[in-house]
Amino acid sequence: MIDPLRRLLARTWRCLAAPRMVYGLRSGDGAWRPHSRVSTHAHIESPAGLRLGDHVFIGHFNFIDASGGLTLGEGCQITNHCSVLTHSSHLALRLERERYWGHAAPAGMQREATAIGAWSFVGPHSTIAPGARIGRGVLVKAYSFVAGEVPDFAVVEGQPARVVGDTRELDRAWIEAHAAAYGADAAAAYEAWVREGAA
């Protein structure tokens, strides 16, 4: 009798404690984003500073810091075990040392707005530094550290991340290989989207 009860309790605990995706998310500006999803095991710091488009995905075990202002564009995906930052305290820790504890505005604290463009993808275990500006359609490969500006449609990897490719080349190769199934209308819509931001 003990073993079946123990198995039932273990199964129940796994069901209650396991990460789940919650559908629908409110942007910091009050807008409801019904197609966005966020994990029950992701932490959003200062949600009032988060501005997001719809169709955003924030996966399991992420730290999303919106304290300095964070914009996640339409369809942005942040996979798992990522940190998206708008503040950094490593300089302040060294400058203030013991005085850092409880200090409201320590010397050296960096706080900058961060933005990730529409339909960009952040791979697992990546860190997006405060003040990073990631364009639209970008692929951030796993384990990358991204700081500064990333152009639209870049493929970036490494620590620090550097541009190693162009997502349009990947996309067009896939479209060509699957032209019949993807369809001419979808291909035309893709090309229109790519041209949309070109000046």
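Figured I'd write up the structure that's included with this text.

Here is what the cut-offs are and how they apply
Residues numbered from 1 in each chain as written. Predicted model: local features only at pLDDT ≥ 70, side-chain atom pairs only at ≥ 80, totals over all residues. Heavy atoms only, no water. Salt bridge = Lys/Arg side-chain N within 4 Å of Asp/Glu carboxyl O. Buried < 20%, exposed > 50% of the residue type's maximum accessible area, 1.4 Å probe, protein only. Helix = DSSP H or I, 4+ residues; strand = E, 2+ residues; numbered from the N terminus. Expected span 1.5 Å × (residues − 1). Arc of directions from axis to C-beta.

Taken as a whole, this structure holds five salt bridges when the rule is applied. When the shortest N-O distance is used, the salt bridge between Glu 96 and Arg 99 registers 3.1 Å. By relative accessible area, which is 8% here, Glu 96 ends up buried. For Asp 152, the salt bridge goes to Arg 136, with nearest N and O atoms at 3.6 Å. Pair noted here: Asp 152 is in the loop between strand 18 (149–150) and strand 19 (154–158) and Arg 136 is in the loop between strand 15 (133–134) and strand 16 (139–140), with a separation of 16 residues, a long-range link. Using a relative accessible area of 35% as the deciding quantity, one classes Asp 152 as partly exposed. For Arg 136, a relative accessible area of 12% puts it in the buried group.

With 13 residues, helix 5 (residues 184–196) extends 18 Å between its outermost C-alpha atoms, agreeing within 8% with the 18 Å of an ideal straight helix rising 1.5 Å per residue. For helix 5, every residue scored as buried is listed here: Tyr 190, Trp 193 and Val 194. Axial view of helix 5: buried residues confined to an arc of 100°, hence all on one face. Along helix 5, exposed side chains directed more than 90 degrees from the buried face belong to Ala 184, Asp 185, Arg 195 and Glu 196.

Time to look at unusual backbone geometry. Look at the link from Gln 159 to Pro 160: it is a cis peptide, with omega at 5°. On the secondary structure map, Pro 160 appears in the loop between strand 19 and strand 20 (161–166). Despite not being glycine, His 55 shows a phi value in the positive range, around 65°. Along the chain, the position of His 55 falls in the loop between strand 4 (50–52) and strand 5 (57–58). By relative accessible area, which is 34% here, His 55 ends up partly exposed. Despite not being glycine, Arg 97 shows a phi value in the positive range, around 50°. On the basis of relative accessibility, which here comes to 48%, the residue Arg 97 falls in the partly exposed class.

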